[in-house]
Amino acid sequence: MSLRAFTGSARGRLSAVTLFFGLLLAGELEPRELPSCKESDYHFEYTDCDVLGSRWRVAIPNKPDTCTGLPDPVKGTHCTFSCKEGEYLDMKTQECQKCAAGTYSLGTGVAFDEWDSLPAGFISHGINMDLGDMYTNCTNSTWTPKGDYIASNMDECSSALSYAVSLKQPGSVSFQYFYPDTNIFFEFYVSIIALILICSVFFNKVQLNSGNNVLFWRTTGFSLSNNAPKPVLLKNIAISGVAYTSECFHCKPGTYSAEPGAARCAPCPANTYSNKGATACQDCDKEKYSGIGSGTCQQRPPCTANDYFYTHTPCDSAGQTQLMYKWIEPKFCSETAEGAVELPASGEKQTCPPCNPGFLSSNSSVCKPCTKGSYSNGTECSKCPVGTEPVVGFEYKWWNRMPSNMRSSVYIVLCYDVMTGWEVAGEYIYTTPGDLDSDYMMLTLTVPGYSLAYSVEKNNERAEFSKITFVFETKCTADCRLYFMGLNERNNAVVESWSGTNGKQSYSYLIKSNFTVSFTWSFQRTEAYTTERQYSSDFAKIYSVHITNVIDGVASECRQCALDSSHKDSACVPCPSGHYMLKGTGMCKSCLPNTFIRPEQPLGEEACIPCGPNTSSNKARSSCVSDCTLAVQYKGETLRYNFSPLANVTHFESSPRFTSKGLRYIHQFSVGLCGTEGRALASCVDNVTDTTKEVNGYVCQSIIMPSEVRGQSVVSSQPFTIGSTLIGVTTESTLDHISSSENSFPADSYLPDVIFYYRARETTQACKNGRSASIRLRCDPTVTAMDQLTAPSKCSEGTCDGCSFHFLWRSQHACPLCSERNYKEIVSACTEGIQRTTYVWQQPLRCTGGVPLPAPRISACVTLAFWLKFGASIGTLAAVLLIAISCYFWKRTRKLEYKYSKLMMNAGEKECDLPAADSCAIMEGEDAEDDLIYLTKKSFFTKIKSFSRERTSDGFDSVPLKSSSGMEMEMN
């Protein structure tokens, strides 16, 4: 422990001094006969400050009741008095004095740089997690001292490290920390001032107010894999403004201060050591070695092949380079020890590789960049022809020397080293063996920013600024890992990582923000801390790095562009929205309707991509969107849909899951269904660090955990986009190689499901072709909520392979719009001359919105009693009329029979020769009441038969008659 100020135990003694001084003045302590006190028998201390800031200096015996004649109390310095760094307060003279060589002081500060145990005043404790139905005992989750630093917990608990300090004047607290893992939430706060720290390596300083301050360092771990989160490392805590210091402190072993008045001690170089309070470092024996800041020397082991590496010299004027072998510095091994290997001979000459694309080899054998507007393949620079423009960026595929915008370093726990972590080797750049296997071998590429080419649409929606692609390989015998990180607004976040041995492969990353200005490759051979080099043969190699659209970049090729005829120099201009460039002419031609242009805008008609089914291109012609309406032909009828009520961004969650340690977490999805212009897309964030990361798209996912972190109810982490492009909207189960199996969501409705298909272009280690998503909309009139989305029962996280996601969205708004066929008419009975007509929906109802039900209709009507009376009257009238007609025809028939009888009788007298008659009617004078000769009575059917007889040729009817003798005759 190293406490650099007058702290808690001293403050406890001040209370005793105040009591002693008060009793002495009151005369309640009677002096005894004791020897006179010498300066070595006592020391001076200050009493507590009063309300005016005054205090007294009093002498305190080192042992009670051992001497007498202590110096009288004198007025002390003001409570705000302090000394400068490198000085201490001499209590005898109450003046500041410089610290002697081999010691140091912070003046008004307190420093903690030794962590063999927990320093006095610090408290570390675990915080029990009570998250709903789950309770986690975190009593043993504390910070652990590790010698030079203190490490946080590595479990899924919350652990706090606190220190209480009283400042006599405004001061500050500074500390250095290493925050390597986003699976742990790290925050620092002072009483009520909170500071969420970012994931990386930083030296942080916070201003403090005078008075009581409680400092908190707090971590909350959450790991979604079987691997425990990496701990946060903390060291070099310094607090200023606490008070005076009455002594200087000895430099710890491995450090020294050569001059008086030192504020800090310097570490000893490699192969030297020092003891406590040293003014200089001592060299180790020839057969021993030590690292930087070491307090002891160790025996040198025999040199092995893992203790050296190879590199290449710069090319000479003859285009030759030499292969050189070098010992790893600092050199710890012994070449003379038994079994040691020798350093291979250097100097083998090899042909230099060509310059990288965009560069030209000069006479000095140094590759120089081509001038603006030129390009090269690594040999000579050429001007881009008229009608073309250079494709600028950086492409490194030959590694004869380290590029000027790349640097190599080694990161040891909580400090950077000037050692070289990566070395060039002609066709690749590789990691050199480090001092320790747990060191991070860092390679950083820095770019000034990004600028799109002239011919690229500047307002191209969702277009990336740049893309970085690199080819790499790893070979490991332990738990090595290669990290690829991007620095975005101070947040050096891990983009992707690879563990173990990986064959030669390529990886690409789309850069969507102009704030991402550097990239880092970090290789760690093992996470376990060890002082031995067991895995020095493990390596990572990078064969090529290519980044596009970089400001002040160089060009390896030229591409055709559209020309502006209004400029004399025929400057390149972007084609208008919805146009592509004709090959060989530089002319722009409009794409067909309902298409969009590729972001990279290639030449030819293939640049125009047709929109998917039931989608249309946006105004910028950069993507396809849906207006949330749809018309589908289904079983001979047209179903019309309007999904506008579902178009707002919707959030839903998967079923709860638990880590191996029992920590509960969920997957939260955000959906912006249609992508209508002017409507916000879905977004997912990472709030673990103070620099919030946000991704946008049609569908995205993040991991949500309940948290007790100050100011936040949940922790959201690891966001990524599932769908950034709308492929199409259809009822088919497959579109553009994306399948939405009906078996995942068994249907219970005769209506078809409407499926939205999405795709994300970003590729990952697991998803080589990017991710895709399908959202199946199903009509369910009983569901009024807007967020009833579910995942397949077999894949509760929405995906079974991590790349293809599928969801079912039940809603009444997923039903087709109502039309006239969806309701029926009901007519009521006529009551008191009024009849009501109402309209009701046919059940079960399978529609929403659309045509409303018509209003009820009222009409006049006639009752049944009226129609009965009317019918009876008509029937009576018809009966009377029928009787009258029957009587009329009956009389006519009787007269006709009479005439026939007369004719028959006359014909019998003239022997059947009938005379011509002018009329068959009753002659004048004949009485209708004369006797009639009745013929033989005929049946009804016989009469009908007689009427049906044909007329004779002379126009008369044949009538069969009977004579008086009863014989039948026929009269013509």
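Keep in mind that this is a model prediction, so the values were computed, not measured.

Student: Any details on the overall build of the chain? Residues and values, ideally.
Tutor: When you go through the chain residue by residue, the secondary structure sums to three helices and 75 strands. Accessible area of the chain: about 50700 Å², with a carbon and sulfur share of 53%.

Student: Give me the packing of aromatic side chains: which residues, what numbers.
Tutor: With the rule as written, the count across this model stands at 45 aromatic pairs. Relative to Tyr507, the ring of Phe484 has its centre 6.1 Å away and its plane inclined at 70°; by these criteria the two rings are edge-to-face. In this pair, Phe484 sits in strand S41 (residues 481-488) while Tyr507 sits in strand S43 (residues 502-511), placing the two residues 23 residues apart along the sequence. According to the relative accessible area criterion, Phe484 is buried, its value standing at 0%. With 5.2 Å between their ring centres and 20° between their planes, Phe652 and Phe669 make a pair best called stacked. One end of the pair, Phe652, is in strand S57 (residues 650-653); the other, Phe669, is in strand S59 (residues 664-671), and 17 residues separate them in sequence. Ring pairs connect the aromatic residues Phe112, Trp115, Phe122, Trp143, Tyr163, Phe175, Tyr177, Phe186, Phe188 and Trp217, which therefore count as one cluster. Taking the ring centre of Phe44 as reference, the NZ or CZ of Arg57 above it sits at 3.8 Å. Above the ring of Trp327, the side-chain terminus of Lys331 is found at 4.6 Å from the ring centroid.

Student: Got a sec to walk through the state of the cysteines? Specific residues and values, please.
Tutor: Taken as a whole, this structure holds 22 disulfides when the rule is applied. In this model Cys49 forms its disulfide with Cys79; the gap between the sulfur atoms is 1.7 Å. One disulfide, between Cys49 and Cys79, carries an S-S torsion of -120° and so falls in the left-handed class. In this pair, Cys49 sits in the loop between strand S1 (42-46) and strand S2 (56-61) while Cys79 sits in the loop between strand S3 (74-75) and strand S4 (87-90), placing the two residues 30 residues apart along the sequence. Using a relative accessible area of 31% as the deciding quantity, one classes Cys49 as partly exposed. Each sulfur in the disulfide pair Cys628 and Cys674 lies 1.8 Å from the other.

Student: Give a description of the pairing of strand S68 (residues 771-779) that names residues and reports values.
Tutor: For a regular strand, the rule is simple: side chains alternate between the two faces of the sheet. Most of S68 sits inside the fold, with nine of its nine residues counted as buried. The alternating pattern of S68 places Arg771, Ala773, Ile775, Leu777 and Cys779 and Ser772, Ser774, Arg776 and Arg778 on opposite faces, both of which are buried. Note that S68 and strand S70 (residues 804-811) share eight bridges and pair parallel. Note that in S70 the partner of Ser772 across the bridge is Ser804.

Student: Please provide a residue-by-residue account of the side chain of Asn549, values included.
Tutor: Note that Asn549 resides in the loop between strand S45 (539-548) and strand S46 (554-560). The class for Asn549 is buried, based on a relative accessible area of 15%. The contact partners of Asn549, leaving out residues within four places of it in the chain, are Val392, Gly393, Gly449, Tyr450, Ser451, Leu452, Phe465 and Ser466.

Student: Could you give an account of the pattern of salt bridges, with specific residues and numbers?
Tutor: In the structure shown here, the tally under the stated rule is twelve salt bridges. Residue Glu825 pairs with Arg857 through a salt bridge whose shortest N-O separation is 3.7 Å. On the criterion of sequence distance, the pair formed by Glu825 in strand S71 (residues 823-827) and Arg857 in strand S73 (residues 857-860) is long-range, its members being 32 residues apart. Through salt bridges that share partners, Asp753, Arg776 and Arg778 make up one connected network.

Student: I'd like a rundown of the sheet that holds strand S29 (residues 348-351), residues and numbers included.
Tutor: Read across the open sheet, the three strands follow the order S27-S28-S29; overall the sheet is antiparallel. At either end of the open sheet lies a strand with only one pairing partner, and these are strand S27 (308-312) and S29. Each strand of the sheet is rotated relative to its neighbour by a mean of 30°, with strand direction disregarded. Sheet analysis places S27 next to strand S28 (residues 320-327), joined by five bridges and oriented antiparallel. Residue pairing in the sheet places Thr311 in a bridge with Met324 of S28.

Student: Which residues make up the sheet that holds S2, and what are the values?
Tutor: Within a sheet, each strand pairs with its neighbour through backbone hydrogen bonds, oriented either parallel or antiparallel. Here we have three strands laid out as an open sheet, ordered S1-S2-S3, and antiparallel in their pairing. Of all strands in the sheet, those with a lone pairing partner are S1 and S3, marking the two edges. Sheet topology places S2 next to S3; two bridges connect them, and they run antiparallel. Bridge pairing links Arg57 to Val74 in S3.

Student: Could you give an account of the side chain of Asp780, naming the residues involved and the relevant values?
Tutor: Looking at the element boundaries, Asp780 is found in the loop between S68 and strand S69 (789-790). Judged by relative accessible area, Asp780 falls into the buried class, the value being 14%. Within the structure, Asp780 has its side chain in polar contact with the side chain of Thr782 (distance 2.5 Å). Ignoring anything within four residues of it in the chain, the contact list for Asp780 reads Arg810, Ser811, Gln812 and Cys815.

Definitions and cut-offs
Residues numbered from 1 in each chain as written. Predicted model: local features only at pLDDT ≥ 70, side-chain atom pairs only at ≥ 80, totals over all residues. Heavy atoms only, no water. Helix = DSSP H or I, 4+ residues; strand = E, 2+ residues; numbered from the N terminus. Areas by Shrake-Rupley, 256 points an atom, 1.4 Å probe, with all protein chains shown as cover. Phe/Tyr/Trp six-rings, centres within 6.5 Å; stacked < 30°, edge-to-face > 60°. Buried < 20%, exposed > 50% of the residue type's maximum accessible area, 1.4 Å probe, protein only. Lys NZ or Arg CZ within 6 Å of the ring centre and 35° of its normal. Disulfide = S-S within 2.5 Å. Pairing = 2+ DSSP bridges. Contact = heavy atoms within 4.5 Å. Salt bridge = Lys/Arg side-chain N within 4 Å of Asp/Glu carboxyl O. Axes fitted to C-alpha atoms, helices over the stretch in contact; angles between N-to-C directions. Polar contact = N/O pair within 3.5 Å; in protein donor to acceptor, adjacent residues only side chain to side chain.

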